[in-house]
Structures are given as C-alpha cells and as structure tokens.
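# Examining the three-dimensional arrangement
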Amino acid sequence: MSVNDGDTGVGSRVIERTLHRKRTLLMLLLFAAILVLSACAGTDRLGIDSIADSDLPQNSLDPAGPAARSIDGLWWLVFWIATAVFVMVEAALVFTIFKFRRRDGKDRPVKQVHGSTRLEIAWTIVPVVLMAALAIPTIATLFELRAEPDPSENALQIGVTGHQWWWEFYYPEYGITTANEMHIPAGRAVYLTMTSADVIHSFWVPRLNGKRDLVPGRTTNLTMEADEPGLFFGQCAEFCGIAHADMRQRVFAESESDFAAWAAAQAEPVTPPTEGLAAAGWDTFQISCSSCHAIDGTSAVAKLAPDLTHFASRTTFAGASIARTDGHLREWLRNPVDLKPMRPEFNDLSAGRVLGMPDLDLTEQQIDELIAFLDTLE
Amino acid sequence: MATLNPPREELHSSGPAREGVWGWLTTTDHKKIGILYGGSAIVFFLVGGIEALLIRVQLAVPNGEFLSADSYSQMFTMHATTMVFLVVMPAAAAFTNYFLPLLIGARDVAFPRLNAFSYWVFLFGGIFLTTSFFLGGAPDGGWFGYAPLSTQLNEVVRMDYWALGLQFVGLASLLASVNFITTIFAMRAPGMTLMRMPVFVWMALVINFLLLFSLPIITVGLIEVFLDRNLGTLFFDAANGGDPILWQHLFWLFGHPEVYVLILPAMGVVSEILPTFSRKPLFGRSFVIFSGIAIGFMGFGVWAHHMFTAGLGPVAEAAFALTTMFIAVPTGVKIFNWLGTIWGGSIRLATPMLFSLGFIAMFVIGGLSGVTHSIAPADWQQTDTYYVVAHLHYVLFGGAVLGLLGGLYYWWPKITGKMLHEGLGKIHFWSILVGFNLTFAPMHLLGLNGMPRRTYRYPEGLGFEFWNFLATLGSFLIAASMLVLFWNIYRTWRRGEVAGPDPWDGRTLEWTTSSPPPVYNFAQIPVVEHEDDFWHRKYTTSEDGTSVAIDPPPNMDLEPDANIHLPSPSFYPALAAAGMFVILMGLVYLPWGLVAVGAGFLATMWGLFGWSMEPLTREDH
Amino acid sequence: MTTETLTPPEQGVPDMNNMRKIAMWVFLGSEVLFFGSLITTFLIYRTRVGDGPSASQVFDIPFTSISSFILLMSSLTMVLAHHASFRKDWRQMRVWLLATAALGMVFLAGQVFEFTEFVDHGLTVTTSPFGSSFFLLTGVHGAHVAVGVLLLAATAFMSFSGRLRDGEGMNVEIIGLYWHFVDIVWIVIFTVVYLLQV
C-alpha cells in the first residue's frame, strides 16, 4: 500500500517555487489595496476624543457603576476558569502531538485502546461540578441585577422610548421630555422603563450596565447607576434598520445639585424669540418642522421626532451621532440623509411611521434663520 | 494489503448513465449528487467570502465610506445567510450524500429521486436568494430577521426573498432528512448494527433528526412573516396585539438546533480522521456517540440563550443559563475522547489530520467563549457585539469549516482518484489558521470594549481602529489561503498522483472500493462483523494489544453480483424544483406574479406526476 | 473471510415498501412540530381580539362537532379500505377509499361554510391576531386534508386503471397513516381551539 506522505519529486518543488512567487505578489497587492482603501475614511463629526475621559469610552471592562461592576466580577471569574481550561486542553493537545507524532516516516506499533470508563466518568463529573460552581454566582447576580430598586433608594424614574433612530427620554417626576442625552444624578439608582415605538432596539451604556431590549408592545426595565459624575457613551445594540450604527446615546452623571439645576432648566417652557434672525427662524420652524418636532410652551406639539425644547443644551443631535455645531447643523439641514442614512421616503406621518428626516428643500437663508432660532433653545 | 483491479463497469440491469450536462441534470446517483452539492457549496463559499471581504474593507477604518449603510445591511445579512444555508449545510450534505451509503455498505440512499430533488431545490433556492442582489436588493434585515423590522417595509421585496428563500432551502433539508433517516434505518449492510455504524453516520442520524424537528418550527415563523408582509395579518404587529418575541422563540427553536446541525458533521468527520491518522480506534466510541445524541436532545432546551436581553424575566433567563452551561458537558466529553484517541497513537501529520487537530484547537476556544455567553449577566454585555461574532466564527469557521476542509482533503482521493499535493495542503492549513485567528481573535476584545455588531461604521475615539484594521488584514489572508486550495486542485486534477483505493490505510468501508468507486459502490454487499470493519479485515490484534497485519491481505477484487439494480436517471425532480422556483419568484412579485405562480404550479405538478408514474428502475431482462 | 449465517438482502433491491412506511412515520414526526408551532401561535393569540369578535362570539360548536364527527368517520372508512387491501379485495378497497375522500370533502365543505360565516361576523385574517392565527391553523389543516383527498382519489383511480399491482396495498397503508394523522391533528385543534375556550 502506498501512503501519500508528503512531497516527493521535482514536480512538487516547482509547484512550491511558483506558488511562493505568486503568493508573495498576491500578498503585496492585497496590502497595497488595503492601504489605498484606508484612505477612504470619512469625516469624523462626533469628536468623542475631545470630550471622553478614556481611550475606550464604551468599555464594559471599565465599570463605573454597581451593576457593571457585578457583571465585571462575574466576567473575570468565568474568564479565568475558561483560560485555565484553555491552557490545559491546548497544552495537552500540543504535547500529545509532539510526543506521539510519527518520525522518519515510520509507524510505531500502536496499542489498540478502546477507552476507559473511569476517565469518561471523571471528565464528565469535573465539568458538571465546575458548571455547578459557576451557576451559583451567576444565578445570584442575575436575580440581584433584575430586581427593582428598593423604595428607600429613591430611584429616579425615566421612561425610554426607542425610535428609528433616536432615543426619547421622559422624566415623569419633572415633566421633562428630551432626546438622546440623559442626565442622571451620580450615586443614585435610575430605573428605566422602556418600550419601542417601531422595531426592537437595545439600550446599552457598557460602563454602567449590560444591555436590555426595547420591544414594541412590551415594557422592559433596566436599573442603572453611576458611582461618580462623568460622561458615559452608549449606542443601540439591536439591529433596527439602516441607521442602527448612528443611534447613539450619552449619559451625563452629575452631582445631585447639578442634576437638580439641569432638571429645573429643562422643565422650563420656552418663549419663542420675537426679534431678529431667530424670530424668522421660529416662523420657518412652525412651517417646516412643527409637524414632527415639539417645543414645550409653543404650538409645536408633535411627538414624531426628537423634542427640541432645549436643543441648544445638548452636545449632539441626530441620535447623538453628530456633534452639535452650527457647521454640522447647516450640513444636516441642507439634506439630512447626506449625514445619516435614513428612509424618509417611506414616512407616513398620519400612520405614525417615521423613518428619518426628509430633505425640506430649505434655502440657505432659511437655514441661517433656523440655526439662529435653535441656538436660542438653551 | 488489499489490491483492487480497475472495476468492471458491466451492469446487468438499468440503462447506461446519461452523458454530459443532461447526465448531471437527471442523475439519481448519490455520488454525483454529492459532487453537485460540494461544487455548489464551493461556489457559494466564494460568494459569501467576497461579501465578508467587502464588510471588512468597510470596517478597516473609522467612518468608512466604502459601502453605503444600505449595501452594508445587505452584505452582512447575505454573508451569514449564504454561509449557513448555502455553504456549510450543503457541504455537509455533500459528504453525507457521497459517503453515507458507502459507510453503511449500501448501493444508494433510500429514495434516489427525492435525493436529486433535494439538491435541485437547494440550488434553485440559492440562486433565488443570491439573484435578489440584482432584482431590487438583497435581504437586509439580518440573517435572523427579527420582527417587526422584517415585516416593516413591505413595499420593498427584499425580505420577501429572505422569507421565501429560507423556506425553499429548508424544504430541501427536510426532505433530505427523511431520506437519510430512512436510509440509515433500513439500508445498512447485514451485520452492521447501529453501534457498529461509523461515528460520522451516527452524527448524520442526529443531525437529520435535529433538522426534522426544527425546520417545521421556522417554517411556521416564516409563513407568519410572509403573511404579515403580504396579506396584512397581525402576527408581529405590536400596535394590534402581535408579539415580536414570538418570532424570536420560533426562530431560535430552529436556530439553536441548527447550529448543532452545522457543527456535528465536522465532528463526525474528525471522529473518522483522528483514528485513521493515529492508527488507533476512536477512544470512548460509544461515549462520543452518546454525547452526540445528548447534544441533539439538549440542543432543544437552550434556545432562549439568544434572548437573554429580550426581557423574558429572571426565572426564564436563569433556567436557560443553566441548560446552556450544561450542554458544555457532552461537548467536553467529545473533546477529551478525541485527545484520548491520539494519545499513544502513531500520529501522521498529513493535511487531513492537521485540519482535524486545528478543528479541536479552535473549537475549544469557541466552546469556551460559548460558556462565557451562558453566564447570563455577562452575556448582557457580550450579546449583539463583536464578542459573539468572535464566538460564532470560532465555532463555525474554526470548527465546522476547518473540520469540513479536513474532510475534503481526506475524501478527495476517494472521490477523484487523485491525491492532492501534500505540501500545498500544509501551506493552506497554516495560512488559514493564522489568517483566521488574526481576523477573529481581536473581535473578542472589540466586543468587550463596546463595539456592537451589524454596525456599518464606527466613529473615532472609541478605540476600535487598531483591532478592526488587523481583522481586515486577517480576512485577506484567509482569502489568499483559499487560493492555495484552488491552485492545488488545479495542478493535481490531471497530473496528481493516483490515489488507489486505500491511500490512508483507512478503517471504514468506503476504502474497500476503487477510487472513485464504481457506480454500484460494492461489487458484493459486505457482511459486517465489527465496527471499523475494514480495519479488522486488514489487521488483527496481537497479545500485547497492537495491530498486526493479516497475511494474506483481504481480497477486495470481487466479482460484481448479478442483478445489481440501480436507480434510473430522471429529469422530473429537476423539473419539479424548477417549477417551484418559478412559483417563488411569482410570490415575491405579487399580485401580478400570480401568473408565474400558476405557470410554476403547472410545471411542478407535471414534475411530481411524472415522478410518481415513472418506475424506479428499468428492468431489462 | 468467515462464512456467515446471515444472508445478505437480495443484492441492490431494498425493501421499498418498508422504507416508504419508515419515511412516512419520519415525515409525520416533523408534522407534529409543524402543527405544534401553529397551535402554539394560536394559544398565545387566542384572547387578542382587537376590535373584532372573540371565539365565543363566532364559534358554532354544534356545527363543528358534526364536521368533526364526519372526519372521524372518514378514519373508519380509511381503516376499512386498508383492511380490504390486506384481503386483496381491490373493489372494496376502492369503494372505501372513495368513501374516505368523499367524507373528507364534506369536512372541507363544512370548513369553507364555517369560514364564510366567520367573515360575515367580522372575523378575518386581518382583524386581529386571534383571526390571523385561527385561520392560519385551520387553513393549513384544511390544506392537509385536501392533499389527502387528492392522494385517496389518485390511489383509487390508479387501482381502477390497473396501475396498482398486487402487493401495492402498502400505498394504502401509508396514505392511511397520513390520513389518521391529519384526523388526530383535527381532534387536537377541535379540543384546544373550539372546546377549551378561555
């Protein structure tokens, strides 16, 4: 019997030389292509670098609150156990290969061993025990994190509604409706009650907690707390359509007094300006924007798009995917879909189906006016 | 050692097989159907691979502008759909088709025309799904199409392609599972008890029961999605009392057994390769078999671990965390038994063995990351991020694909009669191993650092740039490594070394035939006396427990029996499948598509009627 | 090679009848999950009636009981057909096959009538999740009955035209398995959907 053992003969050496040359060429071409393509990075319109206090602002392994810390502890427990198993099994594999590999093309006589019932029992029982050991902290943490906050904690209640592709936040205790940027008091539990207006989304601020889905027709909950004041980043974590990647959020944790001040300011209705460019902007707003956007204290009450009452107090817009600067606003108002992929052509406002902001065909003058008006909405 | 003269092709009944393209279109021979499946899987692998490379180019840099968000959604949906339904499943079907009858000592499967029909339905399903790119856009709702996103834009046909396409390829698998289960129960050679069946056959049995019971569930779900989209039903319409979570349950009740369908064939292949290239029997054979059965059963009890963040409540989440943790146990049993197989052996590191060992190494990583997923609170951070993308690729690519590539190198000589070049095989193995790890290992970190999956771009400042760029480089290395395989095939097609019937000193019955086998597989149906029956004809066990070659070696050159009946070729299966393809196209483009539905229905009826009237074999004498 | 007391099966001629029976059982296994999923969907949605009617407002239990009884009787005639084929009494077999098909068609007619009544009372597939899931479940079941009727008629016709040879009574047994299964599914549906209204 002939056993194909490896390369023999001239033919295979020729193959290998040709192959080596062709492969080297191929690799160089591929690297070149990638270098070229990497020049295709687009413009950054968020500027996270300049305001984040860490290189990894969404790092679940850098917990900043009790829930994320619980999870982090559980993670490292299972990680180290898994690593130990990994090292043992892979080492056994490599060791066995090296110890028993055929040498000099000759087979050794091999004992035809069929198995060992004792080993089977051992390597069934040990994993079962290991899993049982892991199960205990897992279940305990699960129930702990799923529990509603105790009334004594005086948790802040926030209602979250997911939309394609932005977050609606409602503070029932203050009567505040805002979008995409959530302010919370540091050191106090926040209890989110969540649903969706359209498809399934998922609320995720990794440094504060795991994620939880927002399901239309159902209510889900998440308890969140930040230890210290800070800025925390998150984004939608359940594919919700074309702009899923651009549905982001920011959580500002503040001292109790700063939070109270913020809440008081947010709860104030707005008196629209009566003079200058901003007043003209308010007129344009009523014509072009009020069918979807609300401004508390005015006749604009529609809830189909983010509430803009205190728009100028936010650092971002468009589902927290663009930094709020006049320049970005100008680009946005010229044609929103240029900055964020959406499907406004399928909008049906009377049926409540909103898939993004359409091109409003605004003139540059109207855009100037609107920006002036929006800048007054502190 | 066994010698075999070139097989005699005189057949005593049944007309000669037809030639050329028509021959392939009308074949009912399980070996040809296996080759059709395999060739199709390779083509779709290229399609799915290109989709992956496009994704990686887009993600190589922050704020990428290579692909639009719209194209990107189609790419990631189709990459997964293609790889799962049009590559891994058909590749496993290819090996099962070709080798199941050979491994159990049969001449063909139980229902040869049904077998052909399954293939044509699969092929038309794959064409149906892929041509959607050119006909209004490919599905873009993710491969598990969560409702109500999947039912939202019924003006656009994309997710109709998805709903109907999955039904179609699902039908192919369901019919094949009926076929294979019947074959395994009813067509084993005399003396081949269930426990003497090769482990690959046992895995095939478990897999086909998994498909049998899981496909109907997703069929119902997909019908409900299609009706919501096209008839205005309210299954997943939350505003009117529908529940999107119902979709998730229906999908994952299929989807989780499905992942075992994807991995068990590779586990079966590896369970054949390791003993052969260690010259020892599979360690703990019955335990490997029973743990495969256990995985099959337990696989139906873990599905909601895909739904840990859906808000099911702590009791349900805890229950599924437990069941998921414990399904790791039978998986571990298999791995330990594979280690026990090679321990003490005489390990020949030929390419099939390298891929099998690579499978073990990579699958251990994927299995362990799976265990971390089972810790439900930890999963609340991991799920829907690149961490789970890493996990699934370690088990599906590092596991299933590497295992199946091992099977390809192992069985290539039997199918083609030629050996692949060993040196090129080694280059393929090492480059794909390095490329694969370079691509997917960093994704564990990306996920934990906060990068969600299915995002067409990421901004600067989140720390995702470096690992994404590395992953893109790795993906191109994978692509390059596959070119090595194609080069190997090209160079050895005509000029490769002749394989002979038994190039690996194999243990199972397929190595008793010529390479390739004659159309009737076995000149005489073997009478089986042992597991690894062929090995026991070549070797006996000496007093010290080692194998001693039997002298003289067994004579495998047998006179073909009189009255070998083989299934006749038939074009009705292909016709019926083509008719159903036309029906599907009509359903996508309702209401004027009803014309196509009618025409397709007629063609299908003609095919089914002709099929039922046609005798299975022609009696010439 | 040792001499074997086992005789290999006749070379290359597998026992098709036995295999077809196995295949039908296996297929019916998948049908259990298929109808199980449909019934589960219904159970979840049975009380979600929106603005439309609820079960108690449209169901006519006496009527459905009669059509259920008819379907049950068709299982009896199916058994008689199988028995006749066993005895090789092809004429009797055809009579009972056609009787089974006829009873199946009466059942289907009853379903159609019932559905039109429901639509008149304001329950359609688009009215509510209850409506969607009810019609899907019973509609799919009805489709299965229709397929069964076609198979029965085709078998009777093939026997009449001489295409069914002796020993092909297995076809009748296999169709019988399918028909009884469809009947059992109806018993479950009738109980769960009609009788056990919440």
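Scroll up to find the structure this text is about.
Residues numbered from 1 in each chain as written. Chains lettered and ligands numbered in written order. Predicted model: local features only at pLDDT ≥ 70, side-chain atom pairs only at ≥ 80, totals over all residues. Heavy atoms only, no water.

With that settled, the discussion passes to the overall build of chain B. The secondary structure content of chain B amounts to 18 helices and two strands. For chain B, the C-alpha radius of gyration of 25 Å lies close to 25 Å, the compact-globule estimate for 621 residues. Each principal axis of the C-alpha atoms in chain B carries an extent, and together these give about 75 × 60 × 50 Å. Taking as baseline every contact in chain B between residues at least 6 positions apart, the subset at least 24 positions apart corresponds to 82%. If the 29 positive side-chain charges of chain B are averaged to one point and the 40 negative ones to another, these points end up 6 Å apart. (Helix = DSSP H or I, 4+ residues; strand = E, 2+ residues; numbered from the N terminus. Rg over C-alpha atoms; globule rule 2.2 N^0.38 Å. Contact = heavy atoms within 4.5 Å. Lys, Arg positive; Asp, Glu negative; His and termini not counted. Charge placed at Lys NZ, Arg CZ, Asp CG, Glu CD.)

Bringing the sheet that holds strand β10 (residues 248–254) of chain A into the picture now. Residues and elements named next belong to chain A. Ordered by their spatial adjacency, three strands build an open sheet running β4-β10-β9, and the pairing between neighbours is mixed. Here the strands that pair on one side only, and so sit at the sheet edges, are β4 (181–185) and β9 (230–235). Neighbouring strand axes in the sheet, compared pairwise and without regard to direction, differ in orientation by 20° on average. Bridging between β9 and β10 involves six bridges; their strand directions are antiparallel. Looking at the pairing, Phe233 lines up with Arg250 of β10. Strands β4 and β10 of the sheet are contacted by helix α5 (residues 256–267), whose axis makes an angle of about 135° with β4. (Pairing = 2+ DSSP bridges. Axes fitted to C-alpha atoms, helices over the stretch in contact; angles between N-to-C directions.)

Residues and elements named next belong to chain A. There is a patch of nonpolar side chains on the surface, built from Ile121, Ile125 and Val129 and spanning about 280 Å² of accessible area. Counting through the fold element by element, Ile121 comes out in helix α4 (residues 117–146). By relative accessible area, which is 48% here, Ile121 ends up partly exposed. (Patch = residues over 30% accessible without salt bridge, like charges linked within 9 Å, V, L, I, M, F, W, Y side chains within 5 Å. Areas by Shrake-Rupley, 256 points an atom, 1.4 Å probe, with all protein chains shown as cover. Salt bridge = Lys/Arg side-chain N within 4 Å of Asp/Glu carboxyl O. Buried < 20%, exposed > 50% of the residue type's maximum accessible area, 1.4 Å probe, protein only.)

Trans peptide bonds make up most of the peptide bonds, and negative phi angles are found at most residues other than glycine. For the peptide bond that leads from B:Ala147 to B:Pro148, omega is -5°, which places it in the cis range. With respect to the element layout, B:Pro148 can be found in the loop between α4 (112–131) and α5 (149–152). Across the junction of B:Leu590 and B:Pro591, the peptide omega takes the value 0°, indicating a cis bond. You can see B:Pro591 is positioned in the loop between α17 (572–588) and α18 (594–613). With phi around 55°, A:Ala318 is a residue other than glycine that occupies positive phi space. Mapped onto the elements, A:Ala318 comes out in the loop between β11 (316–317) and β12 (322–323). Owing to a relative accessible area of 12%, A:Ala318 belongs among the buried residues under this scheme.

These figures come from the coordinates and say nothing about function on their own.
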